[in-house]
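Summary of structural features
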Amino acid sequence: MILAFGLFVALDSLGQEIPGLENFNQTRLEYNKNGMLILGSWAVGNMIWGGLAAGKESGELKAFHQMNLYWNSVNLVIAGFGYWQATKESPGTDFWQTMEAQQGIEKILLVNAALDVAYMAAGFYLKERGLRKSNDRLQGFGKSVILQGAFLMVFDGIMYGFHHAHAQELPEFLKQITLGPAGVSLRIPLN
């Protein structure tokens, strides 16, 4: 009974504010903002290039640039929404919310990386189908989807790397929390 009570108190205390988590969360949010700026810049560049080039080209190249324009219209919306979310969220000091947010962004990036592989596979399928049917539009769309999927896979991989490396700082906070016979204690280093 005492052990269960001690565990309850320990878990409840982790819901309290922990010094240092605000800086940890601020860094996570900065990674997200910078990532969305990069994604948005890629999208705008592709939209401008795709829009200008699609009007000058024909056949497979026209389709390639058109798909770049379409694809990056969606990327721009995602980047804008992601940036807005990152600026709206305030860096809290609640342990459980921090863990949930950190694990959430890492899971999202891993799912996105799997989707990126699926995008590239779909692009190869479109390209191959276009070759078999002598369809320039499918070939151009396929090449564009391969390019965009490859960029997103690299982007998501790098973002995951930054977030995962940043998550390694969390155990330092956990080392400051101890459960003992007198309850839960939090050690705050003064250096």
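Description of the structure in this document. (Residues numbered from 1 in each chain as written. Predicted model: local features only at pLDDT ≥ 70, side-chain atom pairs only at ≥ 80, totals over all residues. Heavy atoms only, no water.)

1. Focus: the pattern of salt bridges
Evaluation of the coordinates by the stated rule reveals 4 salt bridges. The salt bridge partner of glutamate 89 is arginine 28, with a shortest N-O separation of 3.1 Å. Within this pair, whereas glutamate 89 is found in the loop between helix H3 (59-88) and helix H4 (95-133), its partner arginine 28 is found in helix H2 (residues 21-56), the two being separated by 61 residues in sequence. Look at arginine 28 and you get buried, because its relative accessible area is 4%. In this structure, arginine 132 and glutamate 128 form a salt bridge, with 2.5 Å as the shortest nitrogen-oxygen distance. You can see arginine 132 and its partner glutamate 128 sitting in helix H4, 4 residues apart, about one turn around the helix. Residue classification places arginine 132 among the exposed positions, given a relative accessible area of 52%. (Salt bridge = Lys/Arg side-chain N within 4 Å of Asp/Glu carboxyl O. Helix = DSSP H or I, 4+ residues; strand = E, 2+ residues; numbered from the N terminus. Buried < 20%, exposed > 50% of the residue type's maximum accessible area, 1.4 Å probe, protein only.)

2. Focus: the packing of H2 against helix H5 (residues 136-167)
Remark: H2 packs on H5, axes separated minimally by 10 Å, with the N-to-C direction vectors making an angle of 170 degrees. With respect to H5, the axis of H2 lies roughly antiparallel. Together, Phe24, Thr27, Arg28, Tyr31, Asn32, Gly35, Met36, Ile38, Leu39, Trp42 and Asn46 of H2 and Gln148, Phe151, Leu152, Phe155, Met159, Phe162, His163, His166 and Ala167 of H5 make up the contact between the two elements. The residue makeup of the contact of H2 with H5, split by class, is 12 nonpolar, 7 polar and 1 charged. (Axes fitted to C-alpha atoms, helices over the stretch in contact; angles between N-to-C directions. Parallel < 35°, antiparallel > 145°, perpendicular 65-115°, else oblique. Contact = heavy atoms within 4.5 Å. Nonpolar A, V, L, I, M, F, W, Y, C, P; charged D, E, K, R; others polar.)

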